[in-house]
Amino acid sequence: MDSGNAFGDLTQDYIAECLPLAEAVTDAFLQLERRWREGDAEADSVVELKRTLHTLKGNSAMMGLRPMQIVAHALEDVCARVVADVAARKPEIAALLIEGAGLLVDQIRGAAESPADPVRAEGFVARVAAALAVPTPGSRDVPPAPEPADRAGLRLERRRSERPADAAGGMIRVDFRRLDALLEIFGEAMIEQSALPEVYRRLAARCGSCPEIGELDRVVVALRATMKRLESALMDTRLLPIATVFARFNRLVRDLAQAERKQIRLVTEGGETLLDKAILDRIGEPLLHLLTNAVIHGVESAEERLRQGKPPEATLMLSAAALSDRVMVTVVDDGRGLDTERILAQARALDLDVGGGADAAHGLIFQPGLSTAESVSHVAGRGIGLAAAAAAIHALGGSIEVRSRPSRGVVFTLTLPLTLAILRSLIVEVDQERYAVPLSHVAETVRVEPNTVHAIDGRGVAMWRGSAINVADGGALLGTGATHSAPRNYFVVLFSGPRRRGLLVDRLVGHQDVVVKSLDPSLGRPDVVSGATILGDGRVACILDATGIVAQREVA
Amino acid sequence: MTTPARAARPSGANLFDFADQIAAQAQAAQSLAQATEPAVAQLQLIAFRLDAEEFGLPLATVREVIRVGDITRVPQAPEHIRGVTNLRGRILSVVEIRTRLGLNAAVPGPRSRIIVVEVQHRVVGLLVDSVSQVLKIGVDRVIPAPDEVRSEASDHISGVAHLDQRLIILLDLERMLFAPNRAVPSPS
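Calculation notes
- Residues numbered from 1 in each chain as written.
- Chains lettered and ligands numbered in written order.
- Predicted model: local features only at pLDDT ≥ 70, side-chain atom pairs only at ≥ 80, totals over all residues.
- Pairing = 2+ DSSP bridges.
- Helix = DSSP H or I, 4+ residues; strand = E, 2+ residues; numbered from the N terminus.
- pLDDT = per-residue confidence, 0-100.
- Contact = placed C-beta atoms within 7 Å.
- Nonpolar A, V, L, I, M, F, W, Y, C, P; charged D, E, K, R; others polar.
- Expected span 1.5 Å × (residues − 1).
- Buried ≥ 20, exposed ≤ 12 C-beta atoms within 10 Å, placed from the backbone.
- Arc of directions from axis to C-beta.

Here the focus is the pairing of strand E6 (residues 113–119) of chain B. Residues and elements named next belong to chain B. Direction of pairing for strand E3 (residues 62–67) relative to E6: antiparallel, over a ladder of five bridges. Directly across from Arg67, in E6, lies its bridge partner Arg113. Sheet topology note: the E6/strand E7 (residues 122–128) ladder contains seven bridges and is antiparallel. Paired with Glu118 across the strands is Val123, a residue of E7. The hairpin formed by E6 and E7 contains two residues between the paired strands, and Gln120 there has a positive phi angle of roughly 50°.

Residues and elements named next belong to chain A. Note that strand E4 (residues 314–322) and strand E5 (residues 326–333) share seven bridges and pair antiparallel. When the sheet's bridge partners are listed, Ala322 is paired in E5 with Val327. Connecting the antiparallel pair E4 and E5 is a turn made up of three residues. As paired elements, E5 and strand E7 (residues 409–417) share eight bridges and run antiparallel to each other. Of the residues in E7, the one forming a bridge with Asp333 is Val410.

Time to look at the confidence of the model for chain B. Parts of the prediction with low pLDDT should not have their coordinates interpreted in detail. All names here are of chain B. Taken as a whole, chain B shows an average pLDDT of 78; of its residues, 70% reach a score of 70 or greater. Across chain B, E6 holds the top mean pLDDT of 94, while helix H1 (residues 15–36) sits lowest at 62. This stretch, residues 1–12, has a pLDDT under 50; its non-local contacts, to residues over four places away or in other chains, come to 26 contacts. Of the regions scoring below 50 in pLDDT, residues 181–188 engages in 12 contacts with residues more than four places distant in sequence or in other chains. Both confidence scores are given for the complex: pTM 0.61, ipTM 0.73.

Each partner contributes residues to the interface: chain A has 22 residues there, and chain B has 18 residues. Counting only elements with at least two residues in the side of chain A that touches chain B, the list comes to helix H8 (176–194), strand E17 (529–534) and strand E18 (540–544) of chain A. Class assignment of the residues belonging to the side of chain A that touches chain B gives a composition of 12 nonpolar, four polar and six charged.

This next bit is on H8(A). Residues and elements named next belong to chain A. Under the 1.5 Å per step criterion, the end-to-end length of H8 is 27 Å for 19 residues, consistent within 8% with the ideal 27 Å. Every buried residue of H8 is listed here: Leu183, Gly187, Met190 and Ser194. In a view along the axis of H8, the buried residues occupy a sector of 65°, so they form one face of it. Residues of H8 that are exposed and angled more than 90 degrees away from the buried face: Arg177, Arg178, Ala181 and Ile185.

If you want it as structure tokens, here you go:
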């Protein structure tokens, strides 16, 4: 593990401590804006917010981060005015507070990479000064209180700001890389443990009647149960509430809505849902794509909404919920919905398969071809980011689906695995090669009887649950190079979103929880393989990418 | 100092002729220089064989040499990647260095080894027919391949070292591993 320099670690601490504070302040200001716009001049929370800003200012000063320091200071001034002067509680002032808090968030988030831009900070401070210099009409004119600038004061403030849980619950802060290292070791233990049943089986075959065999069996079973518990305990240490990702979207949606001159309210639900930090780190971008699309293309202008009898303010809902071993995240808008006809026209122009009704047609919006710059303005808008968002979700082993109703809105449903590290999988064998298939994408395994799979135009087709699906030969699809092999014994029905495809294999070896390892970039980017794992016998097996396989061009 | 005559452009298959050629050309100049030059810097190499030829890699890039275990083929991987193997719980890509040099794919035997190298912070394995030894060679014995003749298969050669009666072809790992995979004409 490389040990960053001392200052680097301090910066990380600073970010870890201050970013959530700045985000919380931003959210609180967003709520104030809403309330003030609705005529409720409440400002009780501002005193508390001012205190938080003071902490942010102190921490920034200690790190020598002047741009953050002066922005926080200016925000404190605005808060002081708001507390003292009811007339200042108006949307324009709230907008100023939101802008400053947003600037703080950006600066703090970027603190590790580049020095904060002093020009932006000073520009903001100048605007605050100008705004505060104009006494609001009917103002009782209370000048902002002077700040206690002594260091001791700052330190005290900092102590007080620590969440009570930190002290009471015995929290410690751990570098996430340590948890990754722990997981890596656990993975190796799991691989070693997975070799045991086979050794046991061979031993039992040789000396079946000796009493130690029964004992060994008990130990192997007990060890497996303990490893399961260890796995879930280890996973618990990596979980964070999804609210940490949701938090950054409030300001973003507001700013974007303003730029688009639309009225949009973002509602979040289920922020307490827990996910592996490694996944949280990678869903921000796709969610951002979906929200941006919804604001720019999904939601109508206030005037148009009024004409349609909708409330002028659109609602975007971002919610999360835990399923048994997955997490579902939905992005819902109440906008105009997807334009099915235009999508179909685009899809036909691109020679895509357009059969299967409106829902299947809507699924086409994730096709890269449909996200060309030109189509953004034509295909009811949904464009540029969707293919990328879908690819990012698939890369995580998740899935994304879309449903749309004309003038009612669009629902994106994302299903995510709880963790990236361990995969419940089905081990299959094709031409003596073993592959791990993620169980999350296996609909069923089917035994091949005579006349199960038919060759139509050189393509394999089978009836499955009442509909015809394409069945591809595993050897051909994976390029095993075996020339003549016996007929395959099984096909595995893989699914990803609404697509399905059968994959013919020789043998189903069994279920196994495998430790996911990534492939070296020298291997290129295979479509049909997402990673690799080490089996109990020490051999490496590739993990099949179900999404890539169902999307492959049909092979015989 | 005499300038060696410009070496002929090699065709893909006669890679070894080419190596002999530049070695021969520079040998005269070298023996001259040797008589006059004082002690020179030493280059540490690991030497290995592909067919009858000997190749060398800077020892500094080598992490370890391992026996060949099970190598798992990876679907859709580039042609010069033989597959992946388990290196103490890590997944190691194994490069089929032979096809990269225009030779037939390896048939691993008891003397085959995987040389684990680290290049540009990436760790990969090179499948070789056998590893002969670690050598120290004076840098003055290394004849760099002239730029103008670097092409086709010779693209992966950074020079030739002459040691007693042995000719050791030095490989340019960075080019071999990271250069775009150009079509190397294979012997028909």
